[in-house]
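Survey of secondary and tertiary structure
Here are the chains, one letter per residue:
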Amino acid sequence: MERLGTGIGWRPEIADAVERMPGIDWVEAVAENVCPGHLPESLVRLRERGVTVIPHGVSLGLGGAERPDAGRLTALAERVQALGAPLVTEHIAFVRAGGPLTASPRLEAGHLLPVPRTRDALDVLCENVRIAQDALPVPLAVENIAALISWPGEEMTEGQFLYELADRTGVRLLIDVANLHTNHVNRGEDPAKALAELPLEAIAYVHVAGGFERDGVWHDSHAHAVPRPVLDILTDLASRVTPPGVLLERDENFPEPGELERELGAIRGALEKGAVEREATERRASAEGAAQGGLVSAERSSCVDTPPRDKTVRSEAVTDPARQRLALAQASLLSALVAGTPVPEGFDRVRLGVQARALAGKRADVVAKVAPELPVILGNGYRRAFLGYSHGHPMTDGYRRDALAFAGYLLAGGRLEDARVRAELQEWWLERSGPTPRSRRPGVRLARATRRVLLRR
């Protein structure tokens, strides 16, 4: 497996700092934010210097009940080729539900949600991964996600689920140690047990990130410094195997470059500590083997307890009933989270409420990023207005259309008392909602610009 070294998540906000940062062997870019025909100049320069760039997808929904969308797979493959990447990564998650399998409206989560660790879900995930592998030009690695909620009636631990997935498909694993910590706090899962059950030889690389705890719930924010417990899990992993690569993730609230460099130093320190522990373990194992007159493997990974293998022969194609059962369960959960329908039986109502509020808040934040004019036009009332809108209007087709739908909702309902704000929002909506672009003739553009200036006075 290719050795990647130490990397950092490339984001436009820190692009200049990443280029100047010493000791960066590779970067990871969110695939959906990269246009193959117009790569950011920073990524082009990094590639020219020999820095590996890996696209990291967030929208395939490999853990969803439906088979992966061919268009999304084609788009991901184009980004792989444009970046010359040796690997591409995605998540073990579902991001949408509903549609033909459930005869209900399709809903978008705008977030990575956990799949149930059941046989049905595993069978569907394995087939979806195989479909993706066949469509992509380079090896695929999939990431374990963080979760606030647990599915009732799960049949496997996270380590067992990942072990079987890798065993049945040959897919590589992107292990996020911050997500293991999140699941430890939120779901009581032991990260050491999860690591002991993993097929360590399948690890492609490792994610490290920060978060924060509030009212007993850990939020995987990617906006805070990496805490000591996450570094300790990284050390535990490094004591078992040498990770091919480790990457620091940061998505917002970016600190000064020096702080990022210190975090990378702490990550390297955690890896070195784990390597020392691994070497000590190997020496002890060799000494014990010599004393017993037998041969003991120097690889600690061959000594860990692995879950019992399922000997059942499974068909390559998942039957529609399995997909439909999963589809109904996921649609029921997502509808409760984003559309206010009753909480499905067996779920923790309090945790579901926390997750629902987190999804609404994230949705408001992302819409503000993709349509930055809206918070400017609406001022301090933006967030309150958007959260009120989101409560009864689940997202069905991505954030950009969500922004347009929100503006249309405010305009159609007469919810804006300020005539200036209403007129400016209407101008913004008309610019973006028509079937064809508005006139680009200089005189027309000047008239519109003059109107906007007058509206702001």
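Rules behind the numbers
- Residue positions are counted from 1 within each chain, in the order its sequence is given.
- Only residues with pLDDT of at least 70 are given local features in this predicted model, and only at 80 or more are side-chain atom pairs given and counted; all residues enter the totals for whole chains, interfaces and linings.
- Computation of side-chain values covers all heavy atoms of the structure but excludes hydrogens and water.
- A run of H or I in DSSP becomes a helix once it reaches four residues, and a run of E becomes a strand once it reaches two; helices and strands are each numbered from the N terminus.
- Throughout, a residue-residue contact means that at least one pair of heavy atoms, one from each residue, lies within 4.5 Å.
- Surface accessibility in these figures is a Shrake-Rupley result with a 1.4 Å probe; residues are shielded only by whichever protein chains are displayed.
- Here the term buried applies to any residue with accessible area under 20% of the maximum for its type, exposed to any over 50%, and partly exposed to those in between, with areas from a 1.4 Å probe on protein chains only.
- In this description, a line fitted to the C-alpha atoms serves as the axis of each element, helices being fitted only across the stretch in contact, and the angle between N-to-C directions of two axes falls anywhere from 0 to 180 degrees.
- Geometric relationships in this document are graded by angle, where less than 35 degrees denotes roughly parallel, more than 145 denotes roughly antiparallel, 65 to 115 denotes roughly perpendicular, and other angles denote oblique.
- Handedness of a crossing follows from how the near helix is turned relative to the far one, being left-handed for an anticlockwise turn of less than a right angle and right-handed for a clockwise one.
- When residue character is reported, Ala, Val, Leu, Ile, Met, Phe, Trp, Tyr, Cys and Pro are called nonpolar, Asp, Glu, Lys and Arg charged, and the others, Gly included, polar.
- Each nonpolar core is a collection of buried residues, namely Ala, Val, Leu, Ile, Met, Phe, Trp, Tyr and Cys, held together in the definition by side-chain atoms within 4.5 Å.
- In summary, the pairing rule links any two rings of Phe, Tyr or Trp, Trp by its six-membered ring, whose centres are within 6.5 Å, and it sorts them by plane angle into stacked for under 30 degrees, edge-to-face for over 60 and tilted for everything else.
- Distance and angle both matter: a charge sits over a ring if NZ of Lys or CZ of Arg is within 6 Å of the ring centre and within 35 degrees of the ring normal.
- Here, strands pair whenever DSSP counts at least two bridges between them.
- When the strands point away from the viewer, a crossover counts as right-handed if the path from the first strand over the helix to the second runs clockwise.
- Salt bridge, as used here, is a side-chain nitrogen of Lys or Arg placed within 4 Å of a carboxyl oxygen of Asp or Glu.

Okay, the overall build of the protein chain next. Along its length, the protein chain carries 16 helices and 12 strands. Considering only intrachain contacts with a sequence separation of at least 6, the fraction spanning at least 24 residues in the protein chain is 76%. Per element, the accessible surface of the protein chain, about 21200 Å² overall, is 52% carbon and sulfur.

A positive phi angle, near 55°, is found at H222, a position not held by glycine. Within the secondary structure, H222 is located in the loop between β11 (217–219) and α8 (228–238). A positive phi angle is found at N253, which is not glycine, with a value near 50°. Its place among the elements puts N253 in the loop between β12 (245–248) and α9 (257–292). In this structure N253 comes out as exposed when scored by relative accessible area, which is 53%.

Relative to each other, helix α11 (residues 349–370) and helix α13 (residues 382–392) sit at 125°, their axes nearing to 10 Å. Here α11 is positioned oblique relative to α13, judged by the angle of their axes. The way α11 lies across α13 gives a crossing that is right-handed. The residues of α13 that touch α11, namely those facing A360, G361, R363, A364, D365, V367 and A368, are Y382, R383, F386, L387, Y389 and S390. Of the residues contributing to the contact of α11 with α13, the split by class is eight nonpolar, two polar and three charged.

Here we come to the side chain of D402. Its location among the elements puts D402 in helix α14 (residues 399–412). Given the relative accessible area of 3%, D402 is considered buried. Ignoring anything within four residues of it in the chain, the contact list for D402 reads R363, V367, F386, Y389 and M395.

As a further point, take the nonpolar core. Residues V27, L43, L140, L165, V208 and L234 are the most contacted members of the largest nonpolar core, which totals 92 residues. Sequence-distant contacts of V27, that is, excluding residues within four places in its chain, are made with I8, W10, V18, L43, L46, V51, T52, V53, I54 and L247. Core analysis: the next-biggest nonpolar cluster, separate from the first, contains 21 residues, A364, I377, L404 and Y409 among them.

All right, on to the packing of aromatic side chains then. Inspection of every chain in the model, using the stated rule, returns eight aromatic pairs. With centroids separated by 5.2 Å and ring planes inclined at 65°, the aromatic side chains of W151 and F347 adopt a geometry described as edge-to-face. Of this pair, W151 sits in the loop between β7 (140–143) and α5 (158–169) while F347 sits in the loop between α10 (320–338) and α11, and the two are 196 residues apart along the sequence. No difference in accessibility class separates W151 from F347, as the two residues are buried. Relative to Y409, the ring of Y389 has its centre 5.1 Å away and its plane inclined at 50°; by these criteria the two rings are tilted. A residue pair is termed long-range when its members are at least 10 positions apart, and Y389 in helix α13 and Y409 in helix α14 qualify at 20 residues. The pair formed by Y389 and Y409 is uniform in burial state, with each residue classed as buried. Among the aromatic residues, those joined into a ring-pair cluster are Y382, F386, Y389, F406 and Y409. Sitting over the ring of Y409, R415 keeps its end group 3.9 Å from the ring centre.

For the rest of this paragraph, the subject is the pairing of strand β3 (residues 52–56). When you tally the buried positions in β3, you get four out of five residues, the bulk of the element. In this structure, strand β2 (residues 26–30) lies alongside β3, joined through five bridges in parallel fashion. Across the sheet, W26 pairs through a bridge with T52, a residue of β3. After leaving β2, the chain enters helix α2 (residues 41–48) and then returns to the sheet as β3, a path that is right-handed.

One way to put it is that α8 packs onto α9 with a least axis distance of 7 Å and a crossing angle of 40°. Once α8 is placed against α9, the crossing between them reads as right-handed. Taking contact as the criterion, the partners of L231, L234, T235 and A238 in α8 are, on α9, A266, I267, A270, L271, K273, G274, A275, E277 and R278. Counted by class, the contact of α8 with α9 contains eight nonpolar, two polar and three charged residues.

Glancing now at the environment of R130. Note on placement: R130 falls in helix α4 (residues 119–135). Given the relative accessible area of 17%, R130 is considered buried. Separated by 41 residues in sequence, R130 and V171 have C-alpha atoms that sit 8.4 Å apart.

This next bit is on the pattern of salt bridges. Evaluated as defined, the whole model comprises 26 salt bridges. Taking the shortest distance from any N to any O, the salt bridge between R117 and E189 comes out at 2.9 Å. Taken as a pair, R117 in the loop between β6 (104–113) and α4 and E189 in the loop between α6 (177–187) and α7 (191–197) lie far apart in primary sequence, 72 residues in all. A relative accessible area of 6% means that R117 is categorised as buried. Salt-bridge contacts for D402 lead to R363; the nearest nitrogen and oxygen are separated by 2.7 Å. Within this pair, whereas D402 is found in helix α14, its partner R363 is found in helix α11, the two being separated by 39 residues in sequence. A relative accessible area of 7% places R363 in the buried class. Residues joined by salt bridges that share partners form a network here, namely R117, E154, E158, R187 and E189.

By the element assignment, A204 lies in strand β9 (residues 203–208). Take A204: its relative accessible area is 2%, and that puts it in the buried class.

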